[in-house]
Amino acid sequence: LLPTIRSRCARLAFAPLPTALIAEVIGRERKLEPDVALQVATLSGGSLGRARELDVKAVTTRADLIQRFEDVGTSVSKMLRFAEDCGANRTDAEEALELLRVWNRDVGLASVGANGLVSEELAGLAEQVARRLGPANLHRRGELLEQARYTIVERNGAARLQLEKLMIDLMGMA
């Protein structure tokens, strides 16, 4: 559907499907390795439709996206480049924001020493980021990520502009 039509439609919320079920279905349908299928299922947020739409390449290159996100710091040029690369279109922006939402969850888990990180290979970085941000800024970052996603998806906001706003807001926390 066109974004202008979609923004005027009522949304029906369904309970999320179990991650294991989504991983099984996606793995079988797309002939994915079990660990990749589990990552796709986790990133889908309990939605089989979203799991079917997720770009598997983006899922497997999420470590690069996360590293670039964390490396932005207070560099305006890095911030603009990140927003430009990830905000080229709505789909790319939505996928990037979903990956970053899950990353923020991983950082939260690392902050309390919990297991179950989706990006287990980035556990060290997650612990560093958790120490740098602290609980209040980690929570605020989650709110900003959700606000950017909501504005793009629900309010038909310009993807690149929303990512630039997100990055500027996050730079204020550094």
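Q: I tried to follow unusual backbone geometry on my own but got confused; where do I start?
A: The phi angle at Lys31 is positive, at roughly 55 degrees, despite the residue not being glycine. The exposed category is assigned to Lys31, whose relative accessible area is 73%. Even without glycine at this site, Asn156 takes up a positive phi of about 60 degrees. Looking at the secondary structure, you find Asn156 in the loop between helix H9 (123-153) and helix H10 (159-171).

Q: So what exactly am I meant to see when it comes to the environment of Asp55 here?
A: For Asp55, the position within the fold is in the loop between helix H4 (48-53) and helix H5 (56-60). Between the C-alpha atom of Asp55 and that of Glu95, which follows or precedes it by 40 residues, the distance is 8.1 Å.

Q: Mind showing me how you'd approach the confidence of the model for the protein here?
A: Regions with low pLDDT carry predicted coordinates that are not meant to be interpreted in detail. Model confidence for the protein is summarised by a mean pLDDT of 90, while 99% of its residues fall at 70 or above. Element-level pLDDT for the protein is lowest in H5, with a mean of 76, against a maximum mean of 95 in H9.

Q: Help me out: how do you make sense of the packing of helix H6 (residues 62-71) against H9 in this one?
A: Helix packing for two helices is described by the angle between their axes and how far apart those axes are. For the pair H6 and H9, the least separation of the axes is 13 Å and the interaxial angle reads 70 degrees. Taken together, the axes of H6 and H9 are roughly perpendicular relative to one another. In terms of crossing hand, the pair formed by H6 and H9 is left-handed. Residues Ile66, Gln67, Phe69 and Glu70 of H6 lie in contact with H9, whose contacting residues are Leu125, Val129, Arg132 and Arg141. Class assignment for the residues of the contact of H6 with H9 results in four nonpolar, one polar and three charged.

Q: Please clarify how the side chain of Arg62 should be interpreted in this entry.
A: Take Arg62: it is sitting in helix H6. In this structure Arg62 comes out as buried when scored by relative accessible area, which is 4%. Side-chain polar atoms of Arg62 contact the side chain of Gln39, separated by 3.4 Å. If near-sequence neighbours (up to four positions away) are discounted, Arg62 is found in contact with Gln39, Leu99, Val118, Ser119 and Glu121.

Q: Please clarify how the packing of aromatic side chains should be interpreted in this entry.
A: Pairs of aromatic rings are described using the distance from one ring centre to the other and the angle between the two planes. In this structure the tally under the stated criterion is one aromatic pair. Arranged with centres 5.8 Å apart and planes meeting at 50 degrees, the rings of Phe69 and Phe82 form a pair that is tilted. Here Phe69, found in helix H6, pairs with Phe82, found in helix H7 (residues 76-86); they are 13 residues apart in sequence, far enough to count as distant. Accessibility classification places Phe69 together with Phe82 in one group, the buried group.

Q: So what exactly am I meant to see when it comes to the pattern of salt bridges here?
A: A side chain with one charge can pair with a side chain of the opposite charge if their charged atoms come near. Going through the model one piece at a time under the given rule, you end up with 14 salt bridges. Between Glu94 and Arg6 there is a salt bridge; the shortest N-O distance is 3.9 Å. Of the two residues, Glu94 is situated in helix H8 (residues 90-111) and Arg6 in helix H1 (residues 3-6); the sequence distance between them amounts to 88 residues. With a relative accessible area of 33%, Arg6 lands in the partly exposed category. One connected set of salt bridges, linked through shared partners, spans Glu70, Arg132 and Arg141.

Q: What is the right way to read the side chain of Asn104 from this model?
A: Relative to the elements of secondary structure, Asn104 occurs in helix H8. Here Asn104 falls in the buried class, since its relative accessible area comes to 9%. Residue contacts for Asn104: discarding those within four places in its chain leaves Leu138, Arg141, Gly142 and Leu145.

Here is what the cut-offs are and how they apply
All residue numbers refer to position in the chain's written sequence, counted from 1. In keeping with the model being predicted, local features are shown solely for residues with a pLDDT of at least 70 and side-chain atom pairs are shown and tallied solely at 80 or more, while totals for entire chains, interfaces and linings include all residues. Each side-chain value is derived from all of the structure's non-hydrogen atoms; neither hydrogens nor water enter the calculation. Only protein chains enter the accessibility calculation, which uses a 1.4 Å probe; a residue whose area is less than 20% of its type maximum is buried, one above 50% is exposed, and one in between is partly exposed. Helix numbers and strand numbers start at the N terminus; a helix is a DSSP run of H or I with at least 4 residues, a strand a run of E with at least 2. As a per-residue measure, pLDDT reflects the predictor's confidence and takes values from 0 up to 100. The axes are straight lines fitted to the C-alpha atoms, using for helices just the contacting stretch, and the angles between their N-to-C directions are given from 0 to 180°. Working definition: roughly parallel below 35 degrees, roughly antiparallel above 145 degrees, roughly perpendicular at 65 to 115 degrees, and oblique for all remaining angles. Each crossing gets its handedness from the near helix: less than a right angle anticlockwise from the far helix is left-handed, clockwise is right-handed. Should any heavy atoms of two residues lie within 4.5 Å, those residues are counted as being in contact. Under the grouping applied here, Gly and all other residues not named as nonpolar or charged are polar, the nonpolar ones being Ala, Val, Leu, Ile, Met, Phe, Trp, Tyr, Cys and Pro and the charged ones Asp, Glu, Lys and Arg. Nitrogen and oxygen atoms within 3.5 Å of one another constitute a polar contact, given that in protein one can donate a hydrogen and the other can accept it, and given that sequence-neighbouring residues count only through two side-chain atoms. By convention, a stacked pair of Phe, Tyr or Trp rings (six-membered ring in the case of Trp) has centres within 6.5 Å and planes under 30 degrees apart, an edge-to-face pair has planes over 60 apart, and any other such pair is tilted. Here, a salt bridge means any side-chain nitrogen of Lys or Arg that lies within 4 Å of a carboxyl oxygen of Asp or Glu.

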